[in-house]
Amino acid sequence: MILFILRRLAESVFVMLAVALIAFTLFRFVGDPINNLVGQDTSLEEREQLKEDLGLNDPVIVQFARFVGDAARGDFGYSYQMRLPVKQLIAERFPATMELSMTSALIALFVGIPMGVYTALRRRSLIARSFMTASLMGVSLPTFLIGILLILIFGVQLRWLPTFGRGQVVDLGWWTTGFLTLSGLKALIMPAITLAIFQMTLIVRLVRAEMLEVMRSDYVKFARARGLKPRVINFSIALKNTLVPVITIIGLQVGSIIAFAIITESVFQWPGLGLLFIQAISEVDIPVMAAYLMLISFIFVLINLAVDLLYLVIDPRLRGETA
Amino acid sequence: MTDTDRTERPAGLLARLDESDLWWSFRHSPTVIVAALTTLVMFAAAIFAPWIAPHDPFDLSQVNLLDALLPPMWEEGGMAAFPLGTDDQGRDMLSTIIYGARISLFVGFASVALAMVIGVAVGLVSGYAGGWVDTVLMRIADVQLSFPAILIALLIDGVARGLLPRGSHDALAFYVLVTAIGLSFWVQYARTVRGSVLVERRKEYVLAAQVTGLPSLTILVRHILPNVTGPVLVIATIQLALAIITEATLSFLGVGIPPTSPSLGTLIRIGNDFLFSGEWWITIFPGAALVILVLAVNILGDWLRDALNPKLR
Amino acid sequence: MTRLLDISGLSVEFPSRRGTVTAARDITLSVAPGEILGVVGESGAGKSTIGAAVMGLLEPPGRVSGGEVHLDGQRIDTLPEGDKRRIRGRRIGMIFQDPLTSLNPLETIEDQLVTTMLTHLDLSEAEARARAVELIDQVGIPEPAKRVKNYPHQFSGGMRQRAVIALALCAEPEVVIADEPTTALDVSIQAQILELMRRLVRDRDVGMILITHDMGVIAETADRVAVMYRGSVVEEGPTDKILLNPDHAYTQSLIAAVPRPDRRMDRFPLVDYSGEGAAPRAAFDVKTHWLGQARDFAAAHEGPLVAVENLTMAFHVGGMLSGRHETFTAVDDLSLDIRDGEVFGLVGESGSGKSTVARLLTGIYRPVSGRVVFAGVDLTAIGSRREMNRYRRQMQMIFQDPYSSVNPRMRVSDIVAEPIRFHRLASSNAEARRIVEDLLEHVGLGAAAAKKYPHEFSGGQRQRISIARALATRPRFLICDEPTSALDVSIQAQILNLLKDLQEELGLTMLFISHDLPVIRQMCDRVGVMKGGRLMELAETETLFEAPQNDYTRHLLALMPKIYAEEAGEGGGAAALDA
């Protein structure tokens, strides 16, 4: 088992390095870093000097190593567009995205999983069927459209909730939080729901499909043949067996919430990493793009690792003891 | 011990189709029929756009700024010539929607086709060859799978922007988008096809072909490939909906199809600016068209998946 | 004799969009305490349906359409669901076929036992845990206190089935229904499990319904037998009588089709009860018929047709990244000869390496060391694909699973024609087609089968398609890898007869692989016994069966079901007769 953990760690490092390579390639070879840093009338000698200073003439391996080293410390240089250190930009916006994503993830999980279980157990009931129809709609509505609709109804027509921004935030050291103010919470509601809906519908469908499959299995049949109570069969046996295979995908979904935040932040003008990234794309601001990429993949790798370790805990078959 | 008696079935293709469970479940499901019809209508409208659309929104000579911002015809101030109103440039909404749907569908199909070709090829090779080829390919797939498609699509889009000369962005946007979405979707095919190949490889008809002496490539294409198409079809329909949504999202974010020949997503973005000033139709109608299209495709995909699933019968 | 479980006039039907299927019709059976009632029949007979119906566990849309079920005098089929649930496990227990999938993989055996007991019995948790250990001990699992805390995946197949039996009995039911409890197990484990069940039935005085397709199991275990065919009970009575002196024609045909372990017969006697049998095969003259022609056996060779010399084959378990690096030796220094025109049998349990040998002979696997010599040519030394194909033409193979041995997406004509086209044995498409139709006639399918797809055929018919395909290259050596293990007994008899006929007509040399000793006795001239990749014994068939030299051979022979027990004083179910 220790071997398994070590192997997973090694794989994670490998993935991070692969991503770093991609980010580095972006950084170094897409567009000309020099051009983006200086004005038009900088002389050729000055450009050459700058190149030398920045170490752009060193062998590629050395540059890559330097890149990885810098990245590990969070240093990605300066944003082409905003002329500020990338590290600072990211630190400013990180809390906004994290709070939004965490809230959405919790909504998606705590609403999605029970809904999925319910629609599997009570397949033919009216409520279940309407849930399924709702989930079909949820999968067919692009996130940004949901956002627009919510803004239209709750922001413009009813004027209950703010239509953009984060509301008032409170500083907690390096972090800024919107949880502690009423306006902050109000501003969080619509973006969080928008972000949660797509993931939630996927989770509902996934859990339902898996649970139906499990309910048809032989061990459930045998449990019924032993006269166990329905509640024991459904929750103690079936649900646990449903969640085990589903956890990886749910982990992935939670991760992708962070990426989908890009859309929500655009629609609601939420000052987070996603908005930063989109602006970076249209302005071809490579350092910001590279930094975002590394950060997101780091979070993903962490989540994947956590999910795999969780598996070790919940699935006895993986613990490697022999018969 | 499964020597069940099977009654004989008619041998012709059409007869078999008629008898099949697929057709039966289709006929007995009103929602699916409606969805199929809707999809057909939208496909037809998109393909025959130049003949169907009442105006050509891209012909500058036809567009008149004086017609700008007209509401739909059932509202006050609307005109019958522009049944769904006009946008800020005076272009007819109905026509732009039809053309926009066309672009959305083209991008959707093209990117899914690209993803399918790459994914199925990789899956076949990976599953049949095994060994280090399989390991390497699946590692790449795993790494890519840990990122949501939208991020990958964005990234490829961004890189393309960086690499291509500034002026040509708009013209090449279509191809860049198709490539970006296609490259972010191939993994699911590869995974599924590989899984199917691993199962089929163990089957005895493959063994029989090997005993006869057929070379691996022949076995792969003639025997295994036809048997793995089922799941591929299901994935394709699901992905078509996702591709359309992804394209719309990217266009909405401003990094997709540019406004010169807008897709539904671009239209929604343009209209978003006018949402608060009361010209709601510029966003809502393209939005509705998008939702209807995706919903119809999703319903069809769901039905196909359930109908093809042998365990549910 | 008190009747514990009383089924009278039970009928079960499954309405579907294609019409209603009657799975069971007017079934009347009963079981007394301490007795084992066997319910035997081929697939589709409806035996499992009865079990499910008694338990109230029919899968929808199945439903009971008539009849009554009484348990200890009380009628149970009309009870409300809540009461039915209380009966399940507490008064009637059930055992399923596959022990691997019957157990919840996420819970320890102890937890599964305790939950069941606490649901039905008035015990404290501590008492339930203590009883769980006792049960595990009673079903013969060593170190019960330790193993009760294991998870299902930590047990081997036989042990798991013992755990399943413990679970079925833990709430102290009066009746147990066992649905094919040993089908998924190896022959030696099978015997142990049956012995266990007999003992438990006796000790606890429960009544058992044992559902199976295997006559051998019936002979060893059942006190009374009910024979089912297409949803009805056609005959019922004490086991001795049914096996030795059956009244009904179907029972007679069923018994007759079971391969006799005691002596070899020319052909399997066939009472073609089902009418599904083959189209009549025309006699043909091998010298003028296509099948007998141009089989370039020009190169006369000395010695045996196939010689295997010190063949060794090992597999790597675990890949680069899984951290395990073991080699599994599937075939270990094996040497044997197969002579021209003989039928050589290779017998062993699963994992003995017999199928690996087949794959080594056909060149699908390359051995780690050793040679395969075919007609004097060392096949293992051939490098080029083209040269290898020359020999591939001369040897062909038929396989075990009729449902996966033909490509479901291809027409029968294409399936059978493929080897012909690949080896360019026909000069035109028309000729190929004629050959295919001829072959199909020859194996008893009829030329009309050519245009159809495999799913339109039954298992036995698909096996005939496989045989036609194998004959298409006019091979001189045919490997049969468990060709009838997946077929019903009566179909098995037909296919084996067909193989016998073909072997005689065409002078084929055959390697016949099976785990089923009686079948080997009927089919083969010489036999090799394999265990763990090694050859344990090799002898003429009669010698092997009458005077085995090796302990393992003796062990396998002892496990053969004694349906026609002529051995005096060997014990077991049926009495001797039929000398």
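Residues numbered from 1 in each chain as written. Chains lettered and ligands numbered in written order. Predicted model: local features only at pLDDT ≥ 70, side-chain atom pairs only at ≥ 80, totals over all residues.

## With respect to the interface of chain B and chain A
(1) Moving on: Counting residues at the interface gives 33 residues for chain B and 33 residues for chain A.
(2) Moving on: At the level of secondary structure, the elements contributing two or more residues to the side of chain B that touches chain A comprise helix H7 (149-163), helix H11 (229-253) and helix H13 (281-308) of chain B. (Contact = placed C-beta atoms within 7 Å. Helix = DSSP H or I, 4+ residues; strand = E, 2+ residues; numbered from the N terminus.)

## Comments concerning the environment of Phe 106 of chain B
Residues and elements named next belong to chain B.
(1) Moving on: Relative to the helices and strands, Phe 106 resides in helix H5 (residues 93-129).
(2) Moving on: Residue classification places Phe 106 among the partly exposed positions, given that 16 C-beta atoms sit within 10 Å.
(3) Moving on: For the pair Phe 106 and Ile 244, spaced 138 residues apart in sequence, the C-alpha to C-alpha distance is 9.1 Å. (Buried ≥ 20, exposed ≤ 12 C-beta atoms within 10 Å, placed from the backbone.)

## Comments concerning the pairing of strand E9 (residues 224-229) of chain C
Residues and elements named next belong to chain C.
(1) Moving on: With 6 of 6 residues buried, E9 is to be regarded as a mostly interior element.
(2) Moving on: Because side chains alternate across E9, one face comprises the buried residues Arg 224, Ala 226 and Met 228, and the other comprises Val 225, Val 227 and Tyr 229, equally buried.
(3) Moving on: Pairing between strand E3 (residues 36-40) and E9: 4 bridges, direction parallel. Of the residues in E9, the one forming a bridge with Val 40 is Val 227.
(4) Moving on: Two strands pair when backbone bridges link them, and E9 and strand E10 (residues 232-238) are joined in this way by 6 bridges, in the antiparallel orientation. When the bridges of E10 are listed, Val 227 appears paired with Glu 235.
(5) Moving on: Hairpin remark: E9 followed by E10, antiparallel, with 2 residues in the connecting loop; positive phi at Arg 230, about 50 degrees. (Pairing = 2+ DSSP bridges.)

## A look at the nonpolar core
(1) Moving on: With 334 residues, the main nonpolar core has Leu 37, Ala 166, Met 208, Val 227, Val 416, Leu 511 and Phe 512 of chain C as its most contacted residues.
(2) Moving on: Here the element with the most residues in this core is H5 of chain B; it accounts for 16 residues.
(3) Moving on: Apart from the residues within four sequence positions on either side, Val 416 of chain C is in contact with Val 436, Leu 439, Leu 440, Ile 465, Ala 468, Arg 469 and Ala 472 of chain C. (Core = buried A, V, L, I, M, F, W, Y, C linked by C-beta atoms within 7 Å.)

## Thoughts on the environment of Leu 145 of chain A
(1) Moving on: Checked against the element boundaries, Leu 145 of chain A lands in helix H7 (residues 143-157).
(2) Moving on: Sequence separation between Leu 145 of chain A and Leu 56 of chain A is 89 residues, and the spatial gap between their C-alpha atoms is 44 Å.
(3) Moving on: With residues up to four places along the chain from it excluded, the contact list for Leu 145 of chain A reads Gly 287, Leu 290 and Val 291 of chain B.

## Notes on the UniProt feature "transmembrane region" (unreviewed entry) in chain A
Residues and elements named next belong to chain A.
(1) Moving on: Taken from the UniProt record, the annotation "transmembrane region" (unreviewed entry) applies to residues 12-30, 102-121, 133-156, 243-270 and 290-314.
(2) Moving on: Along residues 102-121 one finds 100% helix and 0% strand; the C-alpha atoms at either end are 29 Å apart.
(3) Moving on: Taken end to end, residues 290-314 comprises 100% helix and 0% strand; its first and last C-alpha atoms sit 36 Å apart. (UniProt positions renumbered as here; feature names shortened; annotations may be inferred.)

## Comments concerning the packing of helix H1 (residues 2-29) of chain A against helix H12 (residues 286-314) of chain A
Residues and elements named next belong to chain A.
(1) Moving on: Between H1 and H12, whose axes approach to 9 Å, the crossing angle comes to 165 degrees. Relative to H12, the element H1 lies roughly antiparallel. Viewed along their axes, H1 and H12 form a crossing whose handedness is right-handed. Contacts between H1 and H12 involve Ile 5, Arg 8, Ser 12, Val 15, Met 16, Val 19, Ala 20, Ala 23, Leu 26 and Phe 27 from the first element and Ile 286, Pro 287, Met 289, Ala 290, Leu 293, Met 294, Ser 297, Phe 298, Val 301, Leu 305, Asp 308 and Leu 309 from the second. (Axes fitted to C-alpha atoms, helices over the stretch in contact; angles between N-to-C directions. Parallel < 35°, antiparallel > 145°, perpendicular 65-115°, else oblique. Left-handed = near helix turned anticlockwise from the far one by under 90°.)

## A short note on the pairing of strand E7 (residues 175-179) of chain C
Residues and elements named next belong to chain C.
(1) Moving on: The buried count for E7 comes to 5 of 5 residues, which makes it a mostly enclosed element.
(2) Moving on: The two faces of E7 match: Val 175, Ile 177 and Asp 179 on one face and Val 176 and Ala 178 on the other face are all buried.
(3) Moving on: Note that strand E6 (residues 92-95) and E7 share 4 bridges and pair parallel. Paired with Ile 95 across the two strands is Ala 178, which belongs to E7.
(4) Moving on: The sheet contact formed by E7 and strand E8 (residues 207-212) spans 5 bridges and is parallel. By the bridge assignment for E8, Asp 179 is matched with Ile 211.

## Points about the sheet that holds strand E5 (residues 74-75) of chain C
Residue and element names in this part refer to chain C.
(1) Moving on: If you walk across this open sheet you meet the 4 strands as E2-E1-E4-E5, and the pairing is antiparallel. This sheet does not close on itself; its edge strands, each paired only once, are strand E2 (19-31) and E5.
(2) Moving on: The pairing of strand E4 (residues 63-71) with E5 spans 2 bridges and is classified as antiparallel. Note that in E5 the partner of Leu 71 across the bridge is Gln 74.

## Considerations on helix H12 (residues 264-272) of chain B
Quick reminder: α-helices carry 3.6 residues per turn. Residues three or four places apart thus point the same way.
Residues and elements named next belong to chain B.
(1) Moving on: The buried count for H12 comes to 8 of 9 residues, which makes it a mostly enclosed element.
(2) Moving on: Within the span of H12, buried status applies to Leu 264, Gly 265, Thr 266, Leu 267, Ile 268, Arg 269, Ile 270 and Gly 271.
(3) Moving on: Contacts from the buried residues of H12 go to H5, H11 and H13.

## What to know about the packing of H1 of chain A against helix H4 (residues 60-72) of chain A
All names here are of chain A.
(1) Moving on: The interhelical angle for the contact between H1 and H4, taken along N-to-C directions, is 110 degrees, at an axis separation of 10 Å. As the angle between them shows, H1 and H4 are arranged roughly perpendicular. Viewed along their axes, H1 and H4 form a crossing whose handedness is right-handed. Here Ala 20, Phe 24, Phe 27 and Arg 28 of H1 come into contact with H4, specifically with Gln 63, Phe 64, Phe 67, Val 68 and Ala 71.
(2) Moving on: Here the residues of the contact of H1 with H4 sort into 7 nonpolar, 1 polar and 1 charged. (Nonpolar A, V, L, I, M, F, W, Y, C, P; charged D, E, K, R; others polar.)

## Some details on the environment of Thr 246 of chain B
Residues and elements named next belong to chain B.
(1) Moving on: Inspection of the secondary structure assignment puts Thr 246 in helix H11.
(2) Moving on: You can call Thr 246 buried: it has 27 C-beta atoms within 10 Å.
(3) Moving on: Measuring from C-alpha to C-alpha, the distance between Thr 246 and Ser 104 comes to 9.9 Å, with 142 residues separating the pair along the chain.
(4) Moving on: For Thr 246, the residues in contact, after removing those within four places along its chain, are Ala 149, Ile 150, Ala 153 and Ile 181.

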